Structures are given as structure tokens and as C-alpha cells.
Amino acid sequence: MPLMPKRVKHRKQQRGSRKGIAQSGNRLSFGEYGLKSMGRGWVRADQIEACRVAVTRHMKRKGKVWIRIFPDKPVSQKPLETRQGKGKGDPEFWVATVRPGTMLFEVAGVSLQVARESLRLAASKLPVSTRFVHRT
Amino acid sequence: MADEITLTAANRAVSGSGAARRLRRTGIVPAIYTGEAGGSELIQLNGHDFELLLQRHHGESLVIDLQLEKGKAKKVLLKEVQHDPLHDNILHADFLEISMTKKLRVGVPLNLTGEPIGVSAEGGTLNHLLRELEIECLPMDIPEEILVDVSALGIGGLLRVSDVTVDPALEIIAEPTVGVAGVEAPRVEEEPEVGEEEGAEGEPKVIGDKGEGDAPDSDEKEAASDES
């Protein structure tokens, strides 16, 4: 079951804006280490889940992981070989809008090397460029 | 405070975001100095020197001897440092003149030492819950950091603010019941932990919708009303 909201006000949304840099959710708030987005884009629910699995497996289920983004935006698509018109397509998947500076994941309770490697694995599953950050 | 920190600042003639951006491009950090009486002065710092100063010290609540262009050095508190959220570059600093005889309220970094028994022997996870402790003290007594020993914590153990021992010159302002650090039991993780069974087919519930298939109809109704 992918990440998605339990209840929504409207089934479909417009694309919205991805301008600017992250004004909130841009700091390490919970963990010792984090993965910060340096680019902008939509991160799908299945990509977030793939990252979570990669991080928890590499950390051998030690430590703690925080997912700082949530896919609350539905993206609709028209079926293949359909003529244009006849209204907007059906929601197909859910995405989180990511702007430069957004903290994507946070990790605590593991060594620097383990955190760095696990977040590297997660970063390779994302459509945005990222940077590893840690508390000074 | 262990040693005296000195910093030289120059007066700044320009203000505004564009001018500040141009200054930063030349390696200068725009800053502001507020006197004890309340008046403020625009100043600028050498970015490299200021960055080194911050690297050498733990927290950012530092008492500094700020040498302005005119007059002798003034005792100031580094009230706030703004960082760029993308690259962590220093954007701006805020200095407040202080009296060495008046008590101040500042946030001091709270760091943990030692490995808890619950982590080393029982495989638990250490949760660092409070990273900054608010204290009240005289400027010369502000510590760079407060160290808390957590080596005695077992699984399920919680260390609260009331358990933190500090120098008698410091008065802790934070609530005594607030947790500082705790040790969680090791996770027994089941793989598909995200979400619940509800809406497993992939559609969340629409608020205010009576039936499942009503959502597209309601959209059409809205569109029709717009046209009319």
C-alpha cells in the first residue's frame, strides 16, 4: 500500500507551482544525519517507499528513520490511445513537491559511515539531486 | 566563558536585500548591532573570519568583544545567525549589546556523552529529544555546551530536564518534565508498515462525498454551474 492521504477534499488537483526554495522543512529537526534536496521536482510515493526500504535494510533495522516528505498531491493521467478531451484523466499516483533545500529523510542512532551509505542508496532512487547533511 | 572572543566590524552604508547580496558576493557578511539603549547600527563583517569563529565554538550564543569603527570594543551577544538553507552559507548576523551584570536568557546546546546500557547491551535506540536548553545566567557564565551523561539509561529509560545537573550559576528555564534523552526498545519491524487496509485499492476518501463514485459527478456539476 503506497503512501497517500487517507482523506482528500478534492480527487484531482492542478499541477501547482514548484518555484522558489524550501521555506520550511529545510532543517535537521529529528535525526543526526539527513538527505537534503538540491533540486526541484515531484517525488512519487513508490520512490519514497523504495528509499525507506533501502535505508532500513542497510541500517540493518537499527537506528531510526524519519521521512520528512509526504505525497499529498494526486497526479492524473489519460489512458493510452485516448483522444484528447472528455475531461481530465483519473488520478494515477501521488507525489510530494520537492524544492531545493527540502529535507527528505533523517536518520539517527547509527554511525556516520552507515548513515552516509544508507542515504546514498536512497539518493540513487530519487529524481532530484541531493546532499548528505549532518549536525555540526 | 573560557576565553574572550574578539571580532572586528565595519560600518555598513548600504541596506536592502540587493545590496546585501552584492556584499555577500565579495565575502562580506551583513550584520546589525543593537545597542543597550535600543538604537541599531548597520555593520558588516569579514565572512571568512566570522565563519572560522563559529567553527571554533560550539553553540551560537557567544559573548563577543565587538570592535566597531568608532569607540572601544563592546560586549555583545551573538543573538542570531541566519544561514542559507541550501548551502549553509552565513547570510546575516545579529549582535545585541549586553551588560555584564545583567542576567540573560539564552539557549545553550545540550549534548549527550557516553553510550547508554540500553544501546550497548540491549540493542535499543538512543533518542536525543532536546538539543538546546534554555538557561538564565550572567553573560560571563554562559557555557559553550551542556554535557549530559546518558550511560546509565536502560531500555525505556527517560532522562528529563530535572535530571540535568548544571553549574550553580546557571538557572534552567525549560520545563523540568521535558524529556532530554530516552532509549527505545529495538524495533521488531514488519515490512509493509506504511498505511492501513482502508482504501487499499488506491483511492482516498473524498471529504463531503456521499458515495464512492460521486466524485467525478460532483466535478461535472461544478463545471456545469461555472458555465451557467
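Residues numbered from 1 in each chain as written. Chains lettered and ligands numbered in written order. Predicted model: local features only at pLDDT ≥ 70, side-chain atom pairs only at ≥ 80, totals over all residues. Heavy atoms only, no water.

**Some thoughts on the sheet that holds strand β5 (residues 74–83) of chain B**
All names here are of chain B.
Then, number 1: Spatial ordering of the closed barrel is given by β1-β3-β2-β6-β5-β4, a layout of six strands whose pairing is mixed. Strand-to-strand, the axes of this sheet are offset by a mean angle of 45°, without reference to chain direction.
Then, number 2: Pairing of strand β2 (residues 28–34) with strand β3 (residues 40–46) involves seven bridges; the strand directions are antiparallel. Looking at β3, one finds that I28 is bridged to N46.
Then, number 3: Docked against the sheet, helix α1 (residues 17–25) engages β2, β3 and β6 (90–97), running at close to 125° with respect to β2.
Then, number 4: In the packing of helix α2 (residues 47–56) onto the sheet, the strands contacted are β1 (5–11), β2, β3, β4 (63–67), β5 and β6, and the crossing angle to β3 comes to about 85°. (Pairing = 2+ DSSP bridges. Helix = DSSP H or I, 4+ residues; strand = E, 2+ residues; numbered from the N terminus. Axes fitted to C-alpha atoms, helices over the stretch in contact; angles between N-to-C directions. Contact = heavy atoms within 4.5 Å.)

**Points about the nonpolar core**
Then, number 1: Grouped together as the largest cluster of nonpolar side chains are 24 residues, with contacts concentrated most on L35(A), L104(A), F105(A), L119(A) and L126(A).
Then, number 2: The set of elements that each furnish at least two residues to this core consists of β2 (33–37), α1 (45–58), β6 (90–98), β7 (103–108) and α2 (112–123) of chain A. (Core = buried A, V, L, I, M, F, W, Y, C linked by side-chain atoms within 4.5 Å. Buried < 20%, exposed > 50% of the residue type's maximum accessible area, 1.4 Å probe, protein only.)

**Digging into α1(A)**
Residue and element names in this part refer to chain A.
Then, number 1: Between its terminal C-alpha atoms α1 stretches 20 Å, which fits the 20 Å expected from 14 residues at 1.5 Å a residue.
Then, number 2: Residues of α1 that are buried make contact with β3 (41–44), β4 (64–67), β6, β7 and α2.
Then, number 3: After α1 finishes, the residue K60 shows a positive phi value of roughly 50°. (Expected span 1.5 Å × (residues − 1).)

**Concerning a positive patch on the surface**
Then, number 1: A cluster of basic residues, R21(B), R22(B), R24(B) and R25(B), forms a positive patch at the surface.
Then, number 2: Within the secondary structure, R24(B) is located in helix α1. (Patch = residues over 30% accessible without salt bridge, like charges linked within 9 Å, V, L, I, M, F, W, Y side chains within 5 Å. Areas by Shrake-Rupley, 256 points an atom, 1.4 Å probe, with all protein chains shown as cover. Salt bridge = Lys/Arg side-chain N within 4 Å of Asp/Glu carboxyl O. Lys, Arg positive; Asp, Glu negative; His and termini not counted. Charge placed at Lys NZ, Arg CZ, Asp CG, Glu CD.)

**What to know about the packing of α1(A) against α2(A)**
All names here are of chain A.
Then, number 1: At a closest axis distance of 8 Å, the pairing of α1 and α2 adopts a crossing angle of 155°. Judged by the inter-axis angle, α1 sits roughly antiparallel to α2. Crossing handedness for the pair α1 and α2: right-handed. Every residue of α2 that contacts α1 at C51, A54, V55 and H58 is listed here: V114, E117, S118, L119, L121 and A122.
Then, number 2: Taken together, the residues of the contact of α1 with α2 sort by class into seven nonpolar, two polar and one charged. (Parallel < 35°, antiparallel > 145°, perpendicular 65-115°, else oblique. Left-handed = near helix turned anticlockwise from the far one by under 90°. Nonpolar A, V, L, I, M, F, W, Y, C, P; charged D, E, K, R; others polar.)

**Digging into α2(A)**
Residue and element names in this part refer to chain A.
Then, number 1: Helix length check: α2 (12 residues) gives 16 Å between terminal C-alpha atoms against 16 Å at 1.5 Å per residue, within 8%.
Then, number 2: Looking only at α2, the buried set comprises A115, S118, L119, A122 and A123. All buried residues of α2 fall inside an arc of 145° around its axis, so they share one side.
Then, number 3: Here the buried face of α2 lies against β2, α1, β7 and β8 (130–134). (Arc of directions from axis to C-beta.)

**With respect to the pattern of salt bridges**
Then, number 1: By the definition in use, this model includes 11 salt bridges over all chains.
Then, number 2: Across the salt bridge formed by E106(A) and R68(A), the nearest N and O atoms sit 2.3 Å from each other. A residue pair is termed long-range when its members are at least 10 positions apart, and E106(A) in strand β7 and R68(A) in the loop between β4 and β5 (73–77) qualify at 38 residues.
Then, number 3: Looking at E106(A), the relative accessible area reads 0%, which means it is buried.
Then, number 4: For E117(A), the salt bridge is made with R120(A), and the minimal N-O distance between the two is 2.8 Å. Taken together, the residues E117(A) and R120(A), both in helix α2 and three residues apart, mark about one turn of the helix.
Then, number 5: Overall, the relative accessible area of 46% leaves R120(A) in the partly exposed class.
Then, number 6: Here the residues in one salt-bridge network are R11(A), D90(A) and E203(B), joined through shared partners.

**Quick look at the domain arrangement of chain B**
Interfaces are often sized by the amount of accessible area the parts lose when they come together.
Residues and elements named next belong to chain B.
Then, number 1: With domains assigned, chain B is organised as domain 1 (1–98) and domain 2 (101–187).
Then, number 2: Put simply, the middle of domain 1 and the middle of domain 2, counted by C-alpha atoms, are 29 Å apart.
Then, number 3: Each partner contributes residues to the interface: domain 1 has nine residues there, and domain 2 has 12 residues.
Then, number 4: Approximately 880 Å² of surface area, both sides summed, lies buried where domain 1 meets domain 2, with 59% of it carried by carbon and sulfur atoms.
Then, number 5: Run the count over domain 1 and domain 2 and you get zero salt bridges.
Then, number 6: The interface formed by domain 1 and domain 2 holds one residue pair in polar contact (both at pLDDT 80 or more) in total.
Then, number 7: Tallied by class, residues from the side of domain 1 that touches domain 2 come to four nonpolar, four polar and one charged. (Domains from an automatic or database assignment. Buried area = accessible area lost by both parts, 1.4 Å probe. Polar contact = N/O pair within 3.5 Å; in protein donor to acceptor, adjacent residues only side chain to side chain.)

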